[in-house]
Amino acid sequence: MTAVISMFGRLGRSFLGMVSRLGDATSLSSASLGLLPTRPWQGRHIVIQMFNIGVGSLVIIALTGAFTGMVLALQGYYTLAKFGSESMLGAGIALAIIRELGPVLGAMMLTARAGSAITAEIGIMRVTEQIDALEMMAVNPRARIIMPRIIAATLVLPLLIALFDLIGMGAGYLVGVELLGVNPGAFIAEMQAKVTTHDINTGWIKAVAFGFLIGVICTYIGYRATPTTEGVGKATTQAVVLSSVGILMLDYILTSFYL
Amino acid sequence: MIRCKALTKIFGDAAALNSVDIHVRAHKTTVIMGGSGSGKTTLLRLIAGLDKPTSGEIYYGDEDFVHMSRRRLYELRQSMGMVFQYSALLNSMNVYDNVAFTLHEHSDLDEDIIHTIITMKLEQVGLRGMEHLMPSELSGGMAKRVALARAMAMDPEIIFFDEPTSGLDPISAGVITSLIHDLRIKSHHTSVVVTHDVDAGLRIADHVVLLWQGKIIAEGTADDIRHSEDARVRQFIEGRPDGPIPFSRSSTTYVDDLLHKPGTVRIEP
């Protein structure tokens, strides 16, 4: 009996802990974002973070996009050939990438490449007292460290995903048309006919939402990391895991809304 | 300049500071000494406003420091400097930008003038010509000196030092100690130094506060402390391992633990 009670006790405590962390994350992030319009204006730091997060992720986004498009062409061709509708390949690739794979895979790559770096960097700033030093030099660390990174991730991810989509569809075209022999006219025409503005909106709404989610999770976990070496290591892992799971969950929710 | 009344800070169940009264006098060096876990760093963080006390009051002049608005706190901080235990230089910037950081943030001075100020500050700590180095290229002692130059950049009224000599070789530690002393006399600011380095602490102190287990056990000039009759003070300044401050932190007796006497050994269920 006591074992059952203590099990419920542990479950309850961990649930309460989760809720209180969620509340803490919400209040820290919203307080930080509230500093956006205040002086001193942090525009320069937002641009610096956009550069760090975005430019550094270009290669990995391009690579992932290319291979996603190429695999989609192979798999799509195999499936469509069974129904004799290879001409639909262009539409299939474009819809899959724009609506789903571009945002999700792009966000995952950004988490792995830039999200982990954000958490580790902020965690190390905490360990080495740099956050306290900013505070003592009368510079609000939430305005200087957290806010620019959340804004930058939110702005940069849609751009990266646009690039992902473009490269993915281009690579799909190469494999589909040049390698598998699909008619190029049909490929492009079907793509134009079947992809609507609504599909593109779905894609970029997801991109903005995922960028924001990565920014909030990775800055929060880094800022609140236990100030030890293990603490920062754990925080980095946790940030990547939580962001990835969060992206997939949010993806389901957004898809069900915007289908 | 700073007065603290009945300052208490509780972490979890343990009181890191227990009703401490302290008075930091203007234009003097106040040294807070104590062993590890005595609450001295906690006290410094409270006085610097990096943490809030659980209870008690802090006054800067006549101003209530604990319930101050963030805007006013940041205004006050422009006349404060702090040298952190691990220097805490911003590692994305070189020495020049680190020292110039507060001037770039809070003044609209011409870059030429800032350059002149930084050259003067770096000369005072003996590092002129090192402007282009990154923090990762500095030794511990040099990083501390850059941190000191940074803390002085805005000509503050008060500078806080957290363990300024810990982790440094004897020569670097000596350099830092003399710098703290000489610069205080030259620029007439107030210093608050937290340290467990007895020799350095007593050498530079105008006023010494000795903490043990979150309470002040002795207070006075360096000579008062040196000639104190209190057994705990004597043990601390002589560095004896055992005495009124016990070597063993265990609360049960050793023999009872070895004999598994009921009630002494905690066995987790």
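Residues numbered from 1 in each chain as written. Chains lettered and ligands numbered in written order. Predicted model: local features only at pLDDT ≥ 70, side-chain atom pairs only at ≥ 80, totals over all residues. Heavy atoms only, no water.

Caption draft 1: Up close: the overall build of chain A. A count of helices and strands for chain A gives nine helices and zero strands. In chain A, the succession of α and β elements from N to C terminus is α-α-α-α-α-α-α-α-α. Buried residues in chain A amount to 46% of all 259 residues. Nonlocal contacts in chain A, meaning residues at least 24 apart in sequence, comprise 85% of its contacts between residues at least 6 apart. Accessible surface, chain A as shown: approximately 12,600 Å² in total, 73% of it carbon and sulfur. With 16 positive and 13 negative side-chain charges, chain A shows a separation of 9 Å between the mean positions of the two kinds. (Helix = DSSP H or I, 4+ residues; strand = E, 2+ residues; numbered from the N terminus. Buried < 20%, exposed > 50% of the residue type's maximum accessible area, 1.4 Å probe, protein only. Contact = heavy atoms within 4.5 Å. Areas by Shrake-Rupley, 256 points an atom, 1.4 Å probe, with all protein chains shown as cover. Lys, Arg positive; Asp, Glu negative; His and termini not counted. Charge placed at Lys NZ, Arg CZ, Asp CG, Glu CD.)

Caption draft 2: Layout of the overall build of chain B. Helices and strands together make up the secondary structure of chain B, namely ten helices and ten strands. Taken over the C-alpha atoms alone, chain B extends approximately 75 × 45 × 40 Å along its principal axes. In chain B, the share of contacts with a sequence separation of at least 24, taken over all contacts with a separation of at least 6, comes to 63%. Per element, the accessible surface of chain B, about 13,600 Å² overall, is 52% carbon and sulfur. Of the charged side chains in chain B, 28 are positive and 36 negative; the average position of the first set lies 4 Å away from that of the second.

Caption draft 3: How the structure looks around the interface of chain B and chain A. Across the boundary between the two partners, chain B contributes 23 residues, which contact 15 residues of chain A. Each partner contributes to the roughly 1,700 Å² buried at the junction of chain B and chain A, and carbon and sulfur atoms together form 59% of this total. It is Tyr-74, Arg-77 and Phe-84 of chain B in chain B that bury the most area against chain A; as a group they hold 26% of the surface buried on that side. For the pair chain B and chain A, the interface holds four salt bridges. (Buried area = accessible area lost by both parts, 1.4 Å probe. Salt bridge = Lys/Arg side-chain N within 4 Å of Asp/Glu carboxyl O.)

Caption draft 4: The sheet that holds strand E10 (residues 215-220) of chain B, seen in detail. All names here are of chain B. The sheet built from six strands is open, its strands ordered E6-E7-E8-E3-E9-E10 with mixed pairing. Strands at the two margins of the open sheet, each flanked by one partner only, are strand E6 (80-83) and E10. Adjacent strand axes in the sheet meet at a mean angle of 15°, parallel and antiparallel pairs treated alike. Pairing between strand E3 (residues 29-34) and strand E9 (residues 207-212): five bridges, direction parallel. Of the residues in E9, the one forming a bridge with Thr-30 is His-207. (Pairing = 2+ DSSP bridges. Axes fitted to C-alpha atoms, helices over the stretch in contact; angles between N-to-C directions.)

Caption draft 5: Looking closely at the sheet that holds strand E2 (residues 14-24) of chain B. Residue and element names in this part refer to chain B. The strand order E2-E1-E4-E5 describes an open sheet built from four strands, whose pairing is antiparallel. Every interior strand has two partners, whereas the edge strands, E2 and strand E5 (63-64), have only one. Relative to strand E4 (residues 55-60), strand E1 (residues 2-11) runs antiparallel, the two being bridged by five bridges. When the bridges of E4 are listed, Cys-4 appears paired with Ile-58.

These values are about where atoms sit, not about what they do.
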